[in-house]
Structures are given as C-alpha cells and as structure tokens.
Protein chains: 2
Amino acid sequence: MKAEIIAIGTEILLGEIVDTNSAYIAQRLPELGIDLLYTSVVGDNLGRIVETLERAWNRSDLVITTGGLGPTDDDLTREGVARVLGEEPYVDPGLEQRVRAWFAGRGYPMPESNIKQAWLIPSARPIDNPRGTAPGWWVERDSRIIICMPGVPAEMERMWTKEVAPELERRFAGEVLVTRTLKTVGIGEGTVDEMARPLYATPGIGIGTYARADGVHLRIGAKARTREEAWARIRPVEEELERIFGNAIWGKDDDTFEGHIADLMHERRATLAVMESCTGGLLASTLTDVPGASSYFIAGLVTYQTEQKIAFGVPAEIIAEHGVVSQETAKAMAAAARERIGTDYGIGITGVAGPDPQDGIPAGTVHVAVATPDGEVYVLTTSMNQGRQAVKRRAVTTAMLLLRRALLGQLAGRPS
Amino acid sequence: MKAEIIAIGTEILLGEIVDTNSAYIAQRLPELGIDLLYTSVVGDNLGRIVETLERAWNRSDLVITTGGLGPTDDDLTREGVARVLGEEPYVDPGLEQRVRAWFAGRGYPMPESNIKQAWLIPSARPIDNPRGTAPGWWVERDSRIIICMPGVPAEMERMWTKEVAPELERRFAGEVLVTRTLKTVGIGEGTVDEMARPLYATPGIGIGTYARADGVHLRIGAKARTREEAWARIRPVEEELERIFGNAIWGKDDDTFEGHIADLMHERRATLAVMESCTGGLLASTLTDVPGASSYFIAGLVTYQTEQKIAFGVPAEIIAEHGVVSQETAKAMAAAARERIGTDYGIGITGVAGPDPQDGIPAGTVHVAVATPDGEVYVLTTSMNQGRQAVKRRAVTTAMLLLRRALLGQLAGRPS
C-alpha cells in the first residue's frame, strides 16, 4: 500500500519549527509494510492545502496529515479534507460535549472558536486525543484513507501508537520491511560502494551506502511476508559483507561509536584519561554520553592554554621545539594524561579548530595521539575544515578511531 | 517570486535523518523577498525524483534541491534534473580536475564513481563547494531556476551563504522581509508575551514569541520595498522592547548564549576554569565552540570519578559528609577549579545524568555552582529528566545562566 505524509503549518514551512512528526511516522511505516513515497509540507493556506491533499488523494492509498487541527482561523486541515472529498462539515454532538468537558475540567470556558474541533464529515470518524482538545480524523472512502493527526508531537505520537498504528496493522499489515545497518569506518563512501557492489544484484535485497560522521553505513533491506523470511534473506548478505569488510565494521543498527569504544574498554577492563585542547572537552563529553562510561573513563583535562598543558605534565621543551600544534605535543599530551591520571590508555588532541589559522597552521589541522599500556604512543593527523564544530567532531571521531585501532592491536609494531 | 524546496534522499524520507536543510533555507528565503510555497521530500528513486522536479519546475520560478549529489548509484539528483530538462549530462574537464585534485590532496585515489560529481548539463553551471567533492548546480532556462545543493549541512550552508544567497539577492530581491530576534532569559513565554503585547498593534510590524532552550525569543518582522524602510519600522519597536525587558535580553539574531558569555568575560578581562562531573566535558566544549574563547577559558577538568575530584582539590570530607552529588560538592568543585587553575571564576557541576538513579538520587538532578572573584560561591539545582543528553545540555545552559547572573552582579549579597 502506498502512503504519503503531509505536514501542515506555516511555522513548519518557514522553518521556524523543524518538522519531526514526518520523520517519526516515516520511521514506523515500514514495520507495517506500508510504502512511503512522498512527504511534503504546506503552509496554512486553504488553496494550497486542497491542491496538495487532492494530489495525494489521487496517487496514494493512505494519506497522513499532521497539524492544522487547532481552533484558530489558520487551522485549515478539516476544511481542506472536506473540500477535497466534497463533503459538508457538521458539529458532532458527542465531540462537542467532549471538547467542552476538556475545558470545564481545566476550569475555563471554551472559546467558541474551539467548536471547529467537534467537526466531522460523513466519511470521517474521530480519533481519540486525550492529550489535547483536537480529536483526529480517520477518513475513509473508495477504499482510500486520510488520517489527520494534531501537530503537537506529544499528541500525535500518543494518537499514532495507541490508535492509528494498531488499526493500520490490524487491517493492512502486508509485506514487512526489515533492515540491518552495518557501520564501517576508515573507508570512503565511493570505495565502500565499490566493495559492496557485487552484492547489489542479490534478489529480494536492497543495499544502500550512507556517509556519516562515524563512517560509512551500509543498509541492507529485505521485504517479505514475515520478519523471519526477511531476515533469512538478509543474513547471508550480512555475513558476506562482514567477510568483505572485516573489522572495518565496528557496529550495527543503533550502535554508537562511543558505545562501541565503551564495549571494547569494558571487555579489556582498561581505563582511559584524555587531554584535549582544540576539541575543548568534546571527546570527554562524547565518551561519557554512554551510560556506565565511568567504569573506564577516569578523567579528562581540557588544557585550553599552553601553560595548562605544561602544568599537567607536557614537557615545555617539546612545545618550545615543535610548537603547541604538533604531532610531538599531541603525543606528549597522550602520555601525560595516561601517566598523570594513572590509566592504561591516554589520548591527546591538539589542533586548530578555526575559523582562523594559528601560527601559520591552517584551521582544521588536528593531531590526535593515543598512549597505550606498553608505553607506545601512536599519532594521526587530520586536516579538513568544515567549520569549527565540524572540526571538533571530526577530531573526536578520529581519536575514537585511533583508540579502537590500538585496542584491536592494529597499531602494534607501528609506533609513529 | 515563487519558490519550493525539495529534499532528496531515502534516509530523509524514511526519517533516519531529520531534514534540517529545508528549515535552514526556508528561514532565509523571506529575507530575499522570495515566497516559499512548498517543501517536499522524495527518496532516491529516479522516477519519483523526476515527477517531483517536473511539478516543481512547472509551478515554481525557483526550485531548490538538497541531497543526491554524492558519488553512488542512488545519488540521482543530477540525473533527475537532466531528465526533466531533457538535456544530456557530460563530464566537465575543469570539474573533473577539481574532484581529482580533492582526492589527491587527501592522498587517496578517486573512485571512478566520483566522476559523476564532475557532470554538467548545458543549462547548468557549477556552484563551488570547497567543503566537499560535489559541486552544486545552478540550472537556468526559460527564466526559471533550479539550484541543486549537497545534503551535508556544513557543505550546503557554506554554499548557500557564500554563493547562492548573494546571487539570488543580487538578481531577485523584491519586497524584503527584515527580522530582528531579541533573545531573553529568565522569564516565561506567557509573561514575555504579556510584556510585549502593547507593541503587537504597531502598524507594519509583526511580533512573535518563541520558547527556546536558551530562553524566550521575540521576533520582530517588517516587510518593505527596501531593507532601510523595513529597518526604519523595526528600530523603534526594538528600542521599546529593549526598554521593557532590560538585561533580560542577552542577545539578538544569531547570537549564541556561549558567545554572549564570551563577550561578558572579554569585557571584564575575566578568566574561567570549570570542573565537571555528570556533564562530562560538555560545558567546556560548549564554551569553546566560540572562536577566541581561549582568551578567557583557561582549563576544564572532567573529574568523572570521585577520587579525581579529590585529586583536583575537592575536600574528601565534604564528599564524605554530603555525598558526591550535592550542592556542597558542586560548590567545592567550583572553588577548587578557581583556586587550582588560578582563575577569576570557577564553575562546578555534579549530578546524575541517568538513565538510572545514583545512590537514591533521581536521574536529572544536577547541582551547578559558580565561584566568583570575591570568594563567594553560588549554587543552583535543577532536576528534569528528559534523557541523558538532555540532562547534560540543560545543566550546561543552567551553568552559563548562573555565570551570567554572577557577571552581571545579580547574585551579589545572595551567596547560597
């Protein structure tokens, strides 16, 4: 069954609110075996709402709208649907009672404008909305459906999970889409694409590559009558990809790279301390986004000024000789963090976050070093300037990547 | 002129990424006097991309797309545009050189699939993208325009501000909408609304209030033939609002709260050190997102474990007596950071990030303390649990808010 989503509201169209409802619904349709073909946003303008609804009504089996169910003059979803179906809205006594009761329960009189929220049309039945005043509409005619939900995420999500999704599942659950995402790191998207291409032709399987901050993701998708069947198609492809990419694959589905690092550290009962400069604490913050990180992450030092690096154990002569933004200083920071805090591993990061160059070193240049239990220190330099925040994020990812390689013994015998 | 935005990508359609690009562009079109009528999302499917582009091409003067410019088989924006205009893509030698140089500069060979990124069609000229491999397309024919930009926000935003917006302004700016956003803190939205209401009736002016993480924003908007005219309408209203809200207003337009803190610290030539526990470095990282923060931010200590707090100067007996998550410990951390690093101000943060309670203290409980040059220490406790990341962000905002009040002398004589 073909579906599309329409978000209604000038605030969303003009970007004053980012539309999270469409993503919420879109993520949940595949589990119901419903294909989403389009989502669109239209402002509070009756003519354009009608045009957009009409096209959707003509090309899709299921149209889901969010927003425009409020009491004011620019809440026009009901008017739009009524117009497209050529039906007359009327005030439903039961709904009117419910809306009035909602206000009475909160001790204020119902503004007359709210009466709109008691409207129905012949093809519509109300959808319960205990979290707000506006009931949704379940409109059904000519074996096509329009579902109108409120724009307030809390109201919409409750209506979706308790009312809409169960009904859709009961009636339409057809083919189920199951996906498995494999997350790789250290290989560019183009190369990942080439390495995976031999499997693209696998029947009944779809494979996509997606470049992400934490590396390139490979998504395997399979449709089947049952979850089991879909998994049976995915598994051999997954195994083949695991063979092809080896431990360039660090995780799957909802795994985060910081969570992966936490797992590796837990397995090895290893501890970590970090000394950061240009990332300003983002590495420590990212690592500690993982619940329970305190079992391995002991301390972080944000030595934002040169004197602080020295105060926390970086030899002044190294900075004097090589400069504060140098591989040598990064290595000394990693070693100092490890020794100073007394952990198994230490990480040091120094670089130029930008936007301006520093001492002639271009913004985006970052040196990341990892000190390991055997006393070796490995260093890696990245340079890519997509703005200050991006430079920081990239440096953090690089640090986690280098730590991972150290933990997997991929650096052994290759101290730099 | 009528515009619409099309976001292209299955990951966006399926809600795996929330589309922030459309909101970014939508917010900036009014300044150019360009009316946005629709935005839509379509997956990586050539047929549907063509259908969506064709409708847009027929009903809008300006079509802006984001995404689908990558090197892989499911990056289909170029193919879609070429199909709609009935033109043949060819490899542009200059672009090919640039793409190859991009890879050479990073020391890896260019996967052949990337050659797509050197494509042009007769009606298209490339738009420079120094932050990535994919140039944009500026397509112009029959006095209609299609602008194709990359999906990576950092690349898209740079392309928009440096290339696309200036060109659009030069050529099309009609009636201009100018807005001024005043950012307040410490007052609820309802109250802000009441305080500002007397000005709502001002002719030729629109005023809106928006609750945001960093406080309540007031947006003043005015449309006029020229920027000057619009500003002439806005200025008196802005001045009146500044009079009404006084220093509850901390910034305007694109100001960030961390930037505001940096300004206050610079003005006072004051220095800061922080000791963080549950925020794990997020405060330091947020403060150092501001270029030049190193002039006041001296160092951050992420004392994630109790022993580390003690090692960096928090009296063991305070922790023993009051517990590690307590106002007293937060105050001791702020004082220790200030004394240990030798700065004018110190901030201490301790709390339970969650998801689980700690020693019977519910997740979301956070104590934030600020130590000032006169030796006073002020503390503030927040408790709201909307997930680990949200708890961290809220704690950071609270810390910056408390520091601001200390810097403005609003806490004087009120040590806690």
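Everything quoted here is computed from the prediction, not taken from an experiment.

Conventions we followed
Residues numbered from 1 in each chain as written. Chains lettered and ligands numbered in written order. Predicted model: local features only at pLDDT ≥ 70, side-chain atom pairs only at ≥ 80, totals over all residues. Heavy atoms only, no water. Salt bridge = Lys/Arg side-chain N within 4 Å of Asp/Glu carboxyl O. Helix = DSSP H or I, 4+ residues; strand = E, 2+ residues; numbered from the N terminus. Buried < 20%, exposed > 50% of the residue type's maximum accessible area, 1.4 Å probe, protein only. Pairing = 2+ DSSP bridges. Polar contact = N/O pair within 3.5 Å; in protein donor to acceptor, adjacent residues only side chain to side chain. Contact = heavy atoms within 4.5 Å. Axes fitted to C-alpha atoms, helices over the stretch in contact; angles between N-to-C directions.

Draft legend 1. Examining the pattern of salt bridges more closely. Within this structure, the stated rule accounts for 47 salt bridges over all chains. In this structure, the salt-bridge partner of Lys223 of chain A is Asp35 of chain A, at a minimum N-O distance of 2.3 Å. Separated by 188 residues along the polypeptide, Lys223 of chain A in strand β11 (residues 215-224) and Asp35 of chain A in strand β2 (residues 35-42) bring together distant segments of the chain. Asp35 of chain A sits in the partly exposed class, given a relative accessible area of 29%. As a salt-bridge pair, Lys392 of chain A and Asp289 of chain B come within 2.6 Å of each other at their nearest N and O atoms. Of this pair, Lys392 of chain A sits in helix α14 (residues 388-407) while Asp289 of chain B is found in the loop between α10 (282-287) and β14 (297-302), placing the two residues in two different chains. Considered together, Lys392 of chain A and Asp289 of chain B belong to a single accessibility category, that of buried residues. Within the structure, one salt-bridge network assembled from shared partners comprises Glu4 and Arg59 of chain A together with Glu51 and Arg55 of chain B.

Draft legend 2. Here's a closer look at the pairing of strand β17 (residues 377-383) of chain B. Residue and element names in this part refer to chain B. With 7 bridges joining them, strand β16 (residues 365-371) and β17 adopt antiparallel strand pairing. Bridging across to β17, His367 finds its partner in Thr381. What sits between β16 and β17 in their antiparallel hairpin is a turn of 5 residues, with Gly375 showing a positive phi close to 90°.

Draft legend 3. Looking closely at the side chain of Thr133 of chain A. Residues and elements named next belong to chain A. Mapped onto the elements, Thr133 comes out in the loop between β6 (124-127) and β7 (136-141). Taking the relative accessible area as the measure of exposure, Thr133 reaches 18% and is therefore buried. A polar contact of 2.7 Å, which involves the side chain of Thr133, links it to the side chain of Gln117. Apart from the residues lying within four places of it in its own chain, the contact partners of Thr133 are Val99, Trp102, Phe103, Asn114 and Gln117.

Draft legend 4. Structural detail: the sheet that holds strand β2 (residues 35-42) of chain B. Judged by pairing direction, the sheet is mixed, and its 12 strands sit side by side in the order β6(A)-β7(A)-β8(A)-β3(A)-β1(A)-β2(A)-β2(B)-β1(B)-β3(B)-β8(B)-β7(B)-β6(B) without closing on themselves. Both edges of this open sheet fall to β6 of chain A together with β6 (124-127) of chain B, since each of them pairs with a single strand only. Each adjacent strand pair in this sheet contributes to an overall mean axis angle of 15°, direction not counted. Pairing of strand β3 (residues 62-66) of chain A with strand β8 (residues 144-149) of chain A involves 5 bridges; the strand directions are parallel. When the bridges of β8 of chain A are listed, Thr65 of chain A appears paired with Cys148 of chain A. The strands touched by helix α3 (residues 46-59) of chain A within the sheet are β1 (2-8), β2, β3, β7 and β8 of chain A together with β2 of chain B, with β1 of chain A carrying the most contacts at an inclination of about 170°.

So far we have only geometry, and geometry alone does not tell us how the molecule works.
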